[in-house]
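Chains, contacts and geometry: an overview
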Amino acid sequence: MMRFFKETKTKGSVNLIRQKPDLDKVDALIIPGGESTTISRTLVRSGLFETIRNRISDDTLAIMGTCAGCVLLAKTITDTTKERVTSLEAMDIEVQRNAFGRQKESFEHTLNFHGFSNPYTAVFIRAPVITKVGRDCEVLAKFDKKIVAARQHRFLALSFHPELTTDLRVHEYFLEMI
Ligand code: GLN
């Protein structure tokens, strides 16, 4: 995102969110990849979980969740329990973690992303897939018939990692959602 502001000379800044008060300064949040169990635990312990949930219900925060972040936006996670991953439940989507199995844990593939005029190269790392979307969700991209990008209101769930390529179109798309 930092690269986006620099290269396009768009006004805006990037802040690291570590504690509750950090969130007061931002209009949008990116929940990155990593391990959804660990991120979820850290969010709950730091109190950020509750603060983010409040901002979601006040409708004052746009959120992009990439990979593990996508898992944390989901209302339903099919392969684990709520005790292991406490999700923000911001989007009416069902997600399955590590859905591409072991042999294909990490790979790169081109996708047709809704609204983009040419193909987008996506990097998948032990990626989840979105197995169901609710009526209010828009499917933005599929890979091998599986949903890998969806939007609901100001929330964007991505199975892949847009920060790992030089293509900034997904970041631009997200900023337009704010
Ligand atoms: N497999 C991880 C999880 O389920 C996500 C991996 C990633 O974020 N690259 O949380």
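Residues numbered from 1 in each chain as written. Predicted model: local features only at pLDDT ≥ 70, side-chain atom pairs only at ≥ 80, totals over all residues. Heavy atoms only, no water.

So, the layout of surface pockets
To keep things clear, this is the line we draw: Space inside and on the surface of the protein is sampled on a 1 Å grid over the protein atoms alone, with a cavity defined as a set of points where a 1.4 Å probe fits but cannot get out and a pocket as an open set with protein on both sides within 12 Å along at least 5 of 7 lines; lining residues have an atom within 4 Å of a point. Grid points are joined across faces, edges and corners, and a volume is the space filled by probe spheres set on the points. Every helix listed is a DSSP run of H or I at least four residues long, and every strand listed is a run of E at least two residues long, numbered separately from the N terminus. Classification convention: Asp, Glu, Lys, Arg as charged; Ala, Val, Leu, Ile, Met, Phe, Trp, Tyr, Cys, Pro as nonpolar; all other residues, Gly among them, as polar.
By volume, the largest pocket amounts to about 1,000 Å³. Lining of the largest pocket is provided by 35 residues; of these, Val-14, Asn-15, Ile-17, Leu-29 and Ile-30 occupy positions nearest its centre. Within the residue set of the lining of the largest pocket, elements represented by two or more residues are helix H1 (2-8), strand S1 (28-31), helix H2 (36-46), helix H3 (48-58), strand S2 (62-66) and helix H5 (169-175). Counted by class, the lining of the largest pocket contains 21 nonpolar, eight polar and six charged residues. By volume, the second largest pocket amounts to about 160 Å³. Along the wall of the second largest pocket there are 13 residues; nearest its centre are Gly-34, Glu-35, Cys-67, Asn-98 and Arg-126. Residues belonging to the lining of the second largest pocket are distributed by class as follows: five nonpolar, five polar and three charged.

Let's talk about unusual backbone geometry
How we decide: Buried means the residue's accessible area, taken with a 1.4 Å probe over protein chains only, is under 20% of the maximum for its type, while exposed means over 50%, and partly exposed covers the values in between.
For Glu-89, which is not glycine, the phi dihedral falls at a positive 55°. Among the secondary structure elements, Glu-89 is positioned in the loop between strand S3 (74-77) and strand S4 (91-96). Using a relative accessible area of 33% as the deciding quantity, one classes Glu-89 as partly exposed. Of note, the phi angle at Arg-126 is positive, near 40°, even though the residue is not glycine. Looking at the element boundaries, Arg-126 is found in the loop between strand S6 (120-125) and strand S7 (129-133). For Arg-126, a relative accessible area of 35% corresponds to the partly exposed category.

Overview of the pattern of salt bridges
Threshold: Here a salt bridge means any side-chain nitrogen of Lys or Arg lying within 4 Å of a carboxyl oxygen belonging to Asp or Glu.
The final tally for this structure, using the stated rule, is nine salt bridges. Between Lys-82 and Glu-89 there is a salt bridge, with the nearest N and O atoms lying 3.2 Å from each other. The salt bridge partner of Asp-167 is Arg-169, with a shortest N-O separation of 2.7 Å.

Examining the site of the ligand
Put simply, the rule is: Proximity is defined per residue: any heavy atom of the residue falling within 4 Å of a molecule or strand makes that residue near it. In protein, a polar contact requires one atom able to donate a hydrogen and another able to accept it; more generally it is a pair of N or O atoms within 3.5 Å, and residues adjacent in sequence count only if both atoms are side-chain atoms. What sets the accessible areas is the Shrake-Rupley method with a 1.4 Å probe; for residues, cover comes only from the shown protein chains. Pocket or cavity membership: a molecule qualifies when more than half of its atoms sit within 2 Å of the grid points of that site.
As a matter of local geometry, the ligand sits amid Gly-33, Gly-34, Glu-35, Ser-36, Cys-67, Ala-68, Arg-97, Asn-98, Ile-125, Arg-126 and His-161. Ser-36 places a polar main-chain atom, nitrogen or oxygen, 2.6 Å from an oxygen atom of the ligand. Contact between the ligand and Ile-125: a nitrogen atom at 2.9 Å from a main-chain N or O atom of the residue. Relative to its unbound accessible surface of 300 Å², the ligand loses 96% to contact with the protein. If you map the ligand onto the pockets, it falls in the second largest pocket. By residue class, the composition of the shell around the ligand is three nonpolar, five polar and three charged.

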